[in-house]
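# Remarks on the overall topology
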Amino acid sequence: MNLQNNILIAMPGIKNPMFQKTVIYICEHNQEGAMGIIINKPLKNLKIKNILKKLNIITSSCLFGPKIFDSVMMGGPQSQDRGFILHTSNKQFYSSIRISEDTVITTSKDILESIGILEDPNKILVALGYCTWDKNQLETEILKNFWLTSSVNDDILFKIPTAKKWMQAVKNIGINLYQLSSNFGHT
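Residues numbered from 1 in each chain as written. Predicted model: local features only at pLDDT ≥ 70, side-chain atom pairs only at ≥ 80, totals over all residues. Heavy atoms only, no water.

## Some remarks on unusual backbone geometry
To keep it simple, the criterion reads: Labels follow the DSSP assignment, with helices taken as runs of H or I lasting at least four residues and strands as runs of E lasting at least two, numbered in each case from the N terminus.
We note that Asn-45 has phi near 60 degrees; this positive angle belongs to a residue other than glycine. Mapping Asn-45 onto the fold places it in strand β4 (residues 42-47). Even without being a glycine, Asn-136 presents a positive backbone phi close to 65 degrees. Looking at the element boundaries, Asn-136 is found in the loop between β9 (123-134) and α3 (137-143).

What follows is the structure in structure tokens.
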């Protein structure tokens, strides 16, 4: 099983506030483990424009571009001081890694400079921190019914409002949320 470029959808029974009703985009999944970014947990009062200002990045005088007013996501419990930008782009930045034909992850400052002047990329999601799973840990969690899995699309990553991503992700796989049990395990 390789879940790279797919999403995990938290089952209703997850009570840990960090992962409750989360949607996690899997950036890497191999024999050593997995790495992903939570895409639907905004950090309170932190917008992309705040990060640009803190890093002294010049922003366009045309500040009505929607992307700099987007919230920054809490990407996960690991390295919460480290930024990750999921985006679509043909442009390569200093530390870009292509996850799929359509999606790239970048961690270098040059992408923030491009965002500040409202250049490419125009579809972005900025997160601080990330999630990791050790070897076979994610597979075990899926077998224990902690997560649903699904393919991903641009709507889930970039267009659907953050507060609606979990519910929409569940709907996209054809499951009635009200028929899901909040209990884990098998009978």
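## Some details on the packing of aromatic side chains
Quick reminder of the rule: Working definition: a ring pair exists when centres of Phe, Tyr or Trp rings (six-membered ring for Trp) sit within 6.5 Å. Plane angles under 30 degrees give stacked, over 60 give edge-to-face, the rest tilted. Only protein chains enter the calculation, and the probe is 1.4 Å; a residue is then buried if its accessible area is under 20% of its type maximum, exposed if over 50%, and partly exposed in between.
One pass over the full model with this rule turns up two aromatic pairs. A centroid spacing of 5.4 Å and a plane angle of 70 degrees characterise the contact between Phe-84 and Tyr-130, whose relative ring orientation is edge-to-face. Remark: Tyr-130 occurs in strand β9 and Phe-84 occurs in strand β6 (residues 78-88); sequence separation between them is 46 residues. Owing to a relative accessible area of 17%, Tyr-130 belongs among the buried residues under this scheme.

## Digging into helix α5 (residues 165-172)
Because the α-helix completes a turn every 3.6 residues, residues three or four places apart line up on one side. Formally: Note: the arc covers the axis-to-C-beta directions of the helix. Here a residue-residue contact requires only that any non-hydrogen atoms of the pair lie within 4.5 Å.
Of all the positions in α5, only Lys-165, Trp-166, Ala-169 and Val-170 are classed as buried. Each buried residue of α5 lies within a common arc of 135 degrees when the element is viewed along its axis, so the set occupies one face. Those residues of α5 that are buried are in contact with β1 (6-10), β2 (23-30), β9 and α4 (154-159). Positive backbone phi, approximately 80 degrees, marks Gly-174, located one or two places after α5.

## Quick word on helix α2 (residues 109-116)
Of all the positions in α2, only Ile-111, Leu-112, Ser-114, Ile-115 and Gly-116 are classed as buried. Those residues of α2 that are buried are in contact with α1 (48-54), β6, β8 (104-106) and β9. Phi for Leu-118, located one or two positions after α2, is positive at around 60 degrees.

## Focus: the pairing of strand β5 (residues 71-74)
The following threshold applies: Any two strands with at least two DSSP bridges between them are considered paired.
Bridge analysis of β4 against β5 gives two bridges, and the strand direction is antiparallel. What sits directly across from Lys-47, in β5, is Ser-71. As paired strands, β5 and β9 are joined by two bridges and run parallel to one another. Within β9, the position partnered with Met-74 by the bridge is Leu-128.

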